[in-house]
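Chain by chain, the residues:
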Amino acid sequence: METRRPEEKTKPPKGKPRDDRDMGLRIPILFLCLSAWATVARGEDPYLFFTWNVTYGTVSPLGVPQQAILINGQFPGPNINSTTNNNIVVNVFNNLDEPFLITWNGVQQRKNSWQDGVLGTNCPIPPGKNYTYHFQVKDQIGSYFYYPSTAVHHAAGGFGGLRINSRLLIPVPYADPEDDYTVLIGDWYTESHTQLKSFLDSGRALGRPNGVLINGKSNKGRGKDEPLFTMKPGKTYKYRICNVGLKNSLNFRIQDHPMKLVEMEGSHTVQNTYESLDVHVGQCFGVLVTADKEPKDYLMVTSTRFTKTVLTTTAIIGYTNGKRPASPEIPEAPVGWAWSLNQFRSFRWNLTASAARPNPQGSYHYGQINITRTIKLVNSASKVNDKLRYAINGVSHTEPETPLKLAEYYNVADKVFKYDVIQDDLPATVGDKVTVEPNVGNVTYRTFVEIILENRENSIQSWHLDGYSFFAVAVEPGRWTPDKRKNYNLLDAVSRHTVQVFPKSWAAIMLTFDNPGMWNLRSELLERRYLGQHMYISVLSPQRSLRDEYNIPDNALLCGIVKGMPKPPPYSI
């Protein structure tokens, strides 16, 4: 059940009625009716309501029974199926024995970092308590996912798909698919999240994962399992492929079926066709697949990239009139990261398509904006007190008891953290020295900034920025220097929220910091983030105006030194 204005109903795939039963329990009918009345009376955008019970349960995705985190008894969690500008209200009941938070990877939370669900913005939900997230998917379309941001909970589940459909009045640059499928791929450990946390706390790195999963399952039957998805002959389907894993880049491919890339992390792309796609941790692709081959079963394959031992799993896509099992011959994956780099270079923004708004994506000429600041961030691995830590420009982030955003809002930031403990470039004097402290950078509101992500290590990195999408204008081998700007794509780089950086390489991203709040810039690799390879960027509006940022929610959980403090005066228009 959900309330929508008639003109903005989500358009179902052809031939299939709406069915939102997979989206979680709904709140009582009376409340929905009142909300529906209020929506019409105030002319608000439609609301979607969910109640999620987070519990432990036992799953055996790799054949070994293990503790997992379930949402409403589901692993993975329920899909959220929304439309541009919908208001999403999720009441999360934490029935675990540890504090818990969920973050909405790629949802920009415009003016609303209060709902970002990371420890720099939110107090975690205590065991036995609940918290209601309320956010709007403002001016966004695309394929995303959510996952736990606390401790090492992500390694136990608690993740699921989140899609944002285009409004009916906005044209989409491809015909409506017959159906729309979410494919969550990721590596997986058979150790519990508490065991993995103890490894990291003791100073050890996580070893090789035990396997890879597709929608929480690992197919060992090579064709004996039931189809995960079905396709009608001659019809075209959309697959939303997200790497929700912990450590490894994954290659995704479908036996004998090319994939037409149409969307990437909220942007329509130039529609190139690929036999396989490298999906790095935290990334999501939307592809079209046409059922135009012999009617039988086919294997959907995902395997690890850039690893000495390749882990592979499969799932079955079946034609509805198919009679034969899938061929056991698994299509080969590419080798080496040069192939992956060239694939990245082939991705292009669709300049003529409209995304969430009627104006074409290409009407925003980011390449003609003057850069006001360049920030170079270098990741590193070091030992601190004989324990492994990961750092950015020599600082390994640690979360204070008081969330950074709360400390800032209550005007006690000076008691919790210091701004700008790292410089805009890595000083030569830093060497291998690492300090462990909160890492918060200050960026001036509405400035256009170039960020260089430099990876001097031998392993691939994947970076994500909350609150924004950015233009990934270059990924190149070597070290960055200003003269490398001549190689930037200043015309049609894809606007996205996650970018990979290959070994001994760098990436350049550009964006306007026009969304006030406290925003997490993080490694999407679980162990690196947990051990300090992330930071927060504070973007403050000088006006303290509701035009720029919302007030703290009435239901915000308080902890640390702000608990019991009087609330500051609210923002006004």
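Refer to the structure printed above.
Predicted model only: the values in this text are computed from it and were never measured. (Residues numbered from 1 in each chain as written. Predicted model: local features only at pLDDT ≥ 70, side-chain atom pairs only at ≥ 80, totals over all residues. Heavy atoms only, no water.)

Section: the pattern of salt bridges
On inspection of all chains with the given rule, the structure shows 25 salt bridges. Residue D201 pairs with K197 through a salt bridge whose shortest N-O separation is 2.9 Å. With D201 and K197 both in helix α2 (residues 193-201) and four residues apart, this pair spans about one turn of that helix. K197 sits in the partly exposed class, given a relative accessible area of 27%. (Salt bridge = Lys/Arg side-chain N within 4 Å of Asp/Glu carboxyl O. Helix = DSSP H or I, 4+ residues; strand = E, 2+ residues; numbered from the N terminus. Buried < 20%, exposed > 50% of the residue type's maximum accessible area, 1.4 Å probe, protein only.)

Focus on α2
Every buried residue of α2 is listed here: H193, L196 and L200. For α2, the angular spread of buried residues about the axis comes to 65 degrees, placing them on one side. Those residues of α2 that are buried are in contact with β1 (47-59), β2 (66-71) and α5 (526-530). Looking one or two places after α2, you find G203, whose phi comes out positive at around 100 degrees. (Arc of directions from axis to C-beta. Contact = heavy atoms within 4.5 Å.)

With respect to the environment of G441
Residue placement: G441 occurs in strand β25 (residues 440-442). Classification of G441 by relative accessible area gives buried; the value is 10%. Taking the C-alpha atoms as reference points, G441 and I537, separated by 96 residues in sequence, lie 4.8 Å from one another. With residues near it in sequence (within four places) discarded, G441 still touches D420, M535, Y536, I537 and S538.

Here we look at the sheet that holds strand β33 (residues 534-539)
Strand order in this open sheet of five strands is β25-β33-β32-β27-β30, and the pairing throughout is mixed. Each edge of the open sheet is held by one strand with a lone partner, namely β25 and β30 (498-501). Strand after strand, the sheet turns through a mean of 20 degrees between neighbouring axes, direction not considered. Two strands pair when backbone bridges link them, and strand β32 (residues 517-523) and β33 are joined in this way by six bridges, in the antiparallel orientation. (Pairing = 2+ DSSP bridges. Axes fitted to C-alpha atoms, helices over the stretch in contact; angles between N-to-C directions.)

Looking at the pairing of β2
Among the six residues that make up β2, five are buried, leaving the element largely enclosed by the rest of the structure. Note that β1 and β2 share six bridges and pair antiparallel. Looking at the pairing, V59 lines up with Q66 of β2. Between the antiparallel neighbours β1 and β2 lie six residues, among them G63 with a positive phi of about 85 degrees.

Re the pairing of strand β22 (residues 387-392)
Where burial is concerned, most of β22 is hidden: five out of the six residues are buried. Across six bridges, strand β21 (residues 373-384) lies against β22 in antiparallel orientation. Looking at β22, one finds that A381 is bridged to Y390. Linking β21 back to β22 in an antiparallel pair, the connection comprises two residues, with N385 at a positive phi of about 55 degrees.

Side note on the state of the cysteines
Here the structure, examined in full by the defined rule, presents two disulfides. For C123, the disulfide goes to C559, at an S-S distance of 2.1 Å. Between C123 and C559 the disulfide shows an S-S torsion of about -90 degrees. By sign, it is left-handed. Highlighted residues: C123 in the loop between β5 (102-105) and β6 (130-136) and C559 in the segment after β33, separated in sequence by 436 residues. C123 sits in the buried class, given a relative accessible area of 6%. Covalently, C242 is tied to C284 through a disulfide, its sulfur atoms 2.1 Å apart. Here the S-S torsion is close to 115 degrees, and the disulfide linking C242 with C284 is therefore right-handed. (Disulfide = S-S within 2.5 Å.)

Side note on the sheet that holds β5
If you trace the four strands from one edge of the open sheet to the other, you get β3-β8-β7-β5, paired in mixed fashion. Since the sheet does not close on itself, it has two edges, and those belong to β3 (80-83) and β5, each with one partner. Here the average twist between neighbouring strands, direction ignored, is 25 degrees. Strand direction decides the pairing type here: β3 and strand β8 (residues 160-165), joined by four bridges, are parallel. By the bridge assignment for β8, I80 is matched with L162.

Side note on unusual backbone geometry
Cis geometry marks the peptide bond from F75 to P76; its omega dihedral reads -10 degrees. Within the element layout of this structure, P76 appears in the loop between β2 and β3. For Q109, which is not a glycine, the phi torsion comes out positive at approximately 50 degrees. One can find Q109 in the loop between β5 and β6. Judged by relative accessible area, Q109 falls into the buried class, the value being 1%. Notably, D256 is not glycine yet its phi reads approximately 65 degrees, a positive angle. Among the structural elements, D256 can be located in the loop between β13 (250-254) and β14 (259-264).

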